[in-house]
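Next come the chains, spelled out residue by residue.
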Protein chains: 4
Amino acid sequence: MKPTEAEIACFEAGVKLGSLYHQFSGAPVSIDSIESLSSAIEKSIENQPYCTEVSVEIFKDKVQNSMNEKYRYTELKGDMMEVRVEIEYKDTEVVSKMKVDGGYPLMFVESIEKK
Amino acid sequence: MKPTEAEIACFEAGVKLGSLYHQFSGAPVSIDSIESLSSAIEKSIENQPYCTEVSVEIFKDKVQNSMNEKYRYTELKGDMMEVRVEIEYKDTEVVSKMKVDGGYPLMFVESIEKK
Amino acid sequence: MKPTEAEIACFEAGVKLGSLYHQFSGAPVSIDSIESLSSAIEKSIENQPYCTEVSVEIFKDKVQNSMNEKYRYTELKGDMMEVRVEIEYKDTEVVSKMKVDGGYPLMFVESIEKK
Amino acid sequence: MKPTEAEIACFEAGVKLGSLYHQFSGAPVSIDSIESLSSAIEKSIENQPYCTEVSVEIFKDKVQNSMNEKYRYTELKGDMMEVRVEIEYKDTEVVSKMKVDGGYPLMFVESIEKK
């Protein structure tokens, strides 16, 4: 069978989360560059088709705890951030998220609504 | 509303294609290393949850045409490859693909089947 | 033989350019997100050891020419940007650059100075 | 001052290690796909200019310890691997390495020889 509108919207949400994660994890980050990195990730992924809003929170305490003591920075990892992606495909809105669950960055569909 | 089984399966398919693309595009590749790179990408992404099969075809002629003449290699780009990803989530099978369409690497759900 | 101070400084410069290129190329970018992306790349790579300054210029016209017409964005590629990285290792300063030369993003050491 | 032959060779070594690290870390990996991934990384980076040999060892026990228990895979991180890169630039040979040192993946020039 061909996908429904809602199934396509969920597929698109998955593409955005997979892209975001594998494009930006590994980027050097320190306390002072959290803000510019999270904001650039949001604006970058929002460019992708059907993506109406991305919000990325990188947690200060996780960056702090993971920092190399000598060089005062670390690399962005999935377990340091929480991500919310909003998709609008035709008349369907999907909200999807990435959250850490038991140390593992879990990606999931939070809600699907017909407008 | 919460997602159905088929919607989750489509979401998972999207995650795999987005991950594959943004993890591996940019990798140096030449005619002689096409085979090892495409095979490693398949085995790497197949590790992800609910992913039963990945096939990656990197096109020789596109690598050839894009190669730096002096150094005889190029970097893997979306328009040099075709990808097929199979997802099995509970009783639902999804086939999704990435194909170049008008120069742009298009990702889409090909089919959804209840087992 | 073990490396001299200047040789180590050059090595460090190479690490930064290679990191920057392979971490960030592929990121979705549009005219409106050039500024936030280039600034985040600079701040991210400046975190790496011995790196005193990074400047990244992403060229508007190259982003424009490469944009998908329907979705109005493209992906960051080496030939859309120019990068300058300054390294300070002990008493040696190295300036290195990435510039497009014949379509190929060339990385090189521009100058080495003893302070 | 302009760089010497040995300084350029060290710069090139740095480019390869930075590229390798930021291109491939984050790739999904399991015990069964270590071999194909490490081999593909070697062949991919060997394509880069002046690079005569790359060897990548991904440690089984580190992959094992880092694996998600449910899904039986993890993502490649710097502290799971050791890398050796050989550069030949004109008459100079450089050997450089990446090794974990105090939890931090340290990159360095091991030796420089005139042929």
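Residues numbered from 1 in each chain as written. Chains lettered and ligands numbered in written order. Predicted model: local features only at pLDDT ≥ 70, side-chain atom pairs only at ≥ 80, totals over all residues. Heavy atoms only, no water.

**Side note on the interface of chain D and chain B**
- With 21 residues of chain D at the interface, the matching set in chain B holds 21 residues.
- Summing both sides of the interface, chain D and chain B together bury roughly 1,800 Å²; the carbon and sulfur share of this comes to 56%.
- For the chain D face of the interface with chain B, the top three residues by lost area are Q23, P28 and N47 of chain D, together amounting to 31%.
- The interface formed by chain D and chain B holds 0 salt bridges in total. (Contact = heavy atoms within 4.5 Å. Buried area = accessible area lost by both parts, 1.4 Å probe. Salt bridge = Lys/Arg side-chain N within 4 Å of Asp/Glu carboxyl O.)

**A look at the sheet that holds strand β6 (residues 104-114) of chain B**
Residue and element names in this part refer to chain B.
- With respect to topology, 4 strands assemble into an open sheet ordered β2-β4-β5-β6, the strand pairing being antiparallel. Two strands in the sheet have a free side with no partner beyond their single neighbour: β2 (51-58) and β6. Across this sheet, the average inter-strand angle for adjacent strands is 10 degrees, counted without regard to direction.
- Bridging between β2 and strand β4 (residues 81-89) involves 7 bridges; their strand directions are antiparallel. Within β4, the residue paired with E53 across the bridge is E86.
- Sheet strands in contact with helix α1 (residues 5-24) are β2, β4, β5 (92-101) and β6, and its direction is about 145 degrees off that of β4. (Pairing = 2+ DSSP bridges. Helix = DSSP H or I, 4+ residues; strand = E, 2+ residues; numbered from the N terminus. Axes fitted to C-alpha atoms, helices over the stretch in contact; angles between N-to-C directions.)

**Thoughts on the environment of P105 of chain C**
All names here are of chain C.
- Secondary-structure assignment places P105 in strand β6 (residues 104-114).
- Sequence separation of P105 and Q23 is 82 residues, and the distance between their C-alpha atoms is 15 Å.
- Other than its neighbours up to four places away in sequence, P105 contacts Y21, G78, M98, K99 and V100.

**Focus: the side chain of Q48 of chain D**
- Mapped onto the elements, Q48 of chain D comes out in the loop between α2 (34-45) and β2 (51-58).
- Under the relative-accessibility criterion, Q48 of chain D is labelled buried at 6%.
- With residues up to four places along the chain from it excluded, the contact list for Q48 of chain D reads P28 and Y73 of chain B, H22 of chain C together with V15, K16 and S19 of chain D. (Buried < 20%, exposed > 50% of the residue type's maximum accessible area, 1.4 Å probe, protein only.)

**Details of the interface of chain B and chain A**
- On the side of chain A, 27 residues touch chain B, which itself brings 27 residues to the contact.
- Each partner contributes to the roughly 2,100 Å² buried at the junction of chain B and chain A, and carbon and sulfur atoms together form 59% of this total.
- The three residues of chain B that bury the most area against chain A are M1, F11 and H22 of chain B, which together make up 30% of that side's buried surface.
- At the surface where chain B touches chain A, the tally comes to 10 residue pairs in polar contact (both at pLDDT 80 or more).
- If you list the elements that add at least two residues to the side of chain B that touches chain A, you get α1 and β6 of chain B. (Polar contact = N/O pair within 3.5 Å; in protein donor to acceptor, adjacent residues only side chain to side chain.)

**As for unusual backbone geometry**
Residue and element names in this part refer to chain C.
- Although it is not a glycine, R72 adopts a positive phi angle of roughly 60 degrees.
- Backbone geometry places K90, a non-glycine residue, at a positive phi of 50 degrees.
- The topology assignment puts K90 in the loop between β4 (81-89) and β5 (92-101).

**Some remarks on the sheet that holds β5 of chain C**
Residues and elements named next belong to chain C.
- Taken in spatial order, the 4 strands line up as β2-β4-β5-β6 in an open sheet, and their pairing is antiparallel. A single partner strand is all that each edge strand has here, and the edge strands are β2 (51-58) and β6. Averaged over all pairs of adjacent strands, the angle between strand axes in this sheet comes to 10 degrees, irrespective of strand direction.
- Set on the sheet, helix α1 (residues 5-24) makes contact with β2, β4, β5 and β6; between it and β4 the angle comes to about 145 degrees.

Keep in mind these values describe shape, not function.
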